[in-house]
2 protein chains.
Amino acid sequence: MVLGQDAEGCCPTLLSAPMSEEQAVDLAKVFKALGDPVRLRLLSIIASRAGGEICVCDLTPAFDLSQPTISHHLKLLKQAGLIASERRGTWVYYRPLTETTDKLAAVLTGPGSVVAAASAEPAGAAS
Amino acid sequence: MVLGQDAEGCCPTLLSAPMSEEQAVDLAKVFKALGDPVRLRLLSIIASRAGGEICVCDLTPAFDLSQPTISHHLKLLKQAGLIASERRGTWVYYRPLTETTDKLAAVLTGPGSVVAAASAEPAGAAS
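Small disclaimer: the values here were computed from a predicted structure and weren't measured. (Residues numbered from 1 in each chain as written. Chains lettered and ligands numbered in written order. Predicted model: local features only at pLDDT ≥ 70, side-chain atom pairs only at ≥ 80, totals over all residues. Heavy atoms only, no water.)

Novice: Summarise helix α4 (residues 67–79) of chain A; cite the residues concerned and give the values.
Specialist: All names here are of chain A. Between its first and last C-alpha atoms α4 spans 18 Å; for 13 residues at 1.5 Å apiece the expected length is 18 Å, and the two agree. When α4 is considered as a whole, its buried residues turn out to be I70, H73, L74 and L77. Buried residues along α4 cover an arc of 100° about the axis, so they all sit on one side. Within α4, the exposed residues directed more than 90 degrees away from the buried face are P68, K75 and Q79. Residues of α4 that are buried make contact with α1 (21–34), α2 (37–47), α3 (56–59), β2 (83–88) and β3 (91–96). Following α4 by one or two positions, G81 adopts a phi angle in the positive range, close to 80°. (Helix = DSSP H or I, 4+ residues; strand = E, 2+ residues; numbered from the N terminus. Expected span 1.5 Å × (residues − 1). Buried < 20%, exposed > 50% of the residue type's maximum accessible area, 1.4 Å probe, protein only. Arc of directions from axis to C-beta. Contact = heavy atoms within 4.5 Å.)

Novice: Describe the state of the cysteines, and please don't skip the residues or the numbers.
Specialist: Residues and elements named next belong to chain A. Scanning the model with the defined rule gives two disulfides over all chains in all. Two residues, C55 and C57, share a disulfide whose sulfurs are 2.2 Å apart. Across the disulfide from C55 to C57, rotation about the S-S bond amounts to roughly 130°, and the bridge is consequently right-handed. A residue is classified by how much of its surface remains accessible, and C57, at 26% relative accessible area, is partly exposed. (Disulfide = S-S within 2.5 Å.)

Novice: Requested: an account of the pattern of salt bridges, with residues and values cited.
Specialist: Across all of its chains, the model carries eight salt bridges over all chains by this definition. Across the salt bridge formed by E21(A) and R41(B), the nearest N and O atoms sit 3.8 Å from each other. Of the two residues, E21(A) is situated in helix α1 and R41(B) in helix α2 (residues 37–47); the pairing between them involves two chains. We classify E21(A) as exposed; its relative accessible area is 54%. (Salt bridge = Lys/Arg side-chain N within 4 Å of Asp/Glu carboxyl O.)

Novice: Any chance you could break down the sheet that holds strand β3 (residues 91–96) of chain B for me, citing the residues and the numbers?
Specialist: All names here are of chain B. Strands sit in the order β1-β3-β2 across an open sheet of three strands; the sheet is antiparallel. The open sheet is flanked by β1 (54–55) and β2 (83–88), the only strands paired with a single partner. Where β1 and β3 come together, two bridges link them in antiparallel fashion. The residue bridging I54 from the neighbouring strand is Y94, located in β3. Relative to β3, α2 is tilted by about 85°, and along the sheet it contacts β1, β2 and β3. (Pairing = 2+ DSSP bridges. Axes fitted to C-alpha atoms, helices over the stretch in contact; angles between N-to-C directions.)

Novice: Describe the side chain of T109(B), and please don't skip the residues or the numbers.
Specialist: Residue and element names in this part refer to chain B. On the secondary structure map, T109 appears in the loop between α5 (98–107) and α6 (115–119). For T109, a relative accessible area of 3% translates into the label buried. Separated by 2.5 Å, the side chain of T109 and the backbone oxygen of A105 make a polar contact. (Polar contact = N/O pair within 3.5 Å; in protein donor to acceptor, adjacent residues only side chain to side chain.)

Novice: How would you summarise the packing of aromatic side chains if you had to cite specific residues and measurements?
Specialist: This structure, assessed with the given rule, holds one aromatic pair over all chains. Pairing F31(A) with F31(B) gives two aromatic rings, centres 6.0 Å apart and planes at 15°, and the pair type is stacked. Of this pair, F31(A) sits in helix α1 while F31(B) sits in helix α1 (residues 21–34), which puts the two residues in different chains. For the pair F31(A) and F31(B), one class covers both residues: buried. (Phe/Tyr/Trp six-rings, centres within 6.5 Å; stacked < 30°, edge-to-face > 60°.)

Novice: Provide a residue-level description of the packing of α1(A) against helix α5 (residues 98–107) of chain A, including the pertinent values.
Specialist: Residue and element names in this part refer to chain A. Two elements in contact, α1 and α5, have axes separated by 12 Å at closest approach and are oriented at 110°. In terms of orientation, α1 and α5 fall into the roughly perpendicular class. Contacts between α1 and α5 involve L27, V30, F31 and L34 from the first element and T100, L104 and V107 from the second. Of the residues in the contact of α1 with α5, the class split is six nonpolar, one polar and no charged. (Parallel < 35°, antiparallel > 145°, perpendicular 65-115°, else oblique. Nonpolar A, V, L, I, M, F, W, Y, C, P; charged D, E, K, R; others polar.)

Novice: Give me the lowdown on the sheet that holds β2(A), citing residues and values where you can.
Specialist: Residue and element names in this part refer to chain A. Pairing is antiparallel in the open sheet, where three strands are placed in the order β1-β3-β2. Looking at the sheet topology across the chains shown, the edges are occupied by β1 (54–55) and β2. As defined by bridge partners, β2 adjoins β3 across six bridges and the pair is classed as antiparallel. Looking at the pairing, R87 lines up with V92 of β3.

Here it is as structure tokens:
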């Protein structure tokens, strides 16, 4: 997925140059996936899990929603490239795809932004 | 708007700790505003404008959409705190609110992220 990056995949273009229609369509899909409180909370729980992954059986109790509804939201997060899943035995396990959130953060970081730089850990600290 | 920040308004919580329902509702509204290709392109054009603002009369020719449709999308971006507008004479002028995109970038920057830090300009370079 291009996610609004240039050909070298390095430079944010949302705030520094007019975005092409094609780039906007790709990027909008990911932001749309984040545009729901349940999906944001699911991503938040998955991303902050100490072990790097979480069983779907530990996700559902956090919500007052049916299993199919939770599964639907997880599917949308997965289609957007925000999480990955793996079935092991009875359960499905989810882990965050931080390269996607990293790219979104870069796309939202303007030429003069200081917040993202200030809040990020020192370079080299891999997640 | 809280935008998923903690009480001191400094620390991203989307990826480092489970987000509260209230925080998720606020944050989802802003991501939802970005979850549309036309709105992303509008924001991109407004944010990358050299003079810091753009007349609505210069925005509409970039789209094959009616003026009321463009106005509707601009209203949603404004409600999300992503742009501000000012009427001067006949026309309305729009400018980006970079503090909102900066906050979103911080929210999406995980404890181990390096992309946003690498892509941001040196601290102190105000937009």
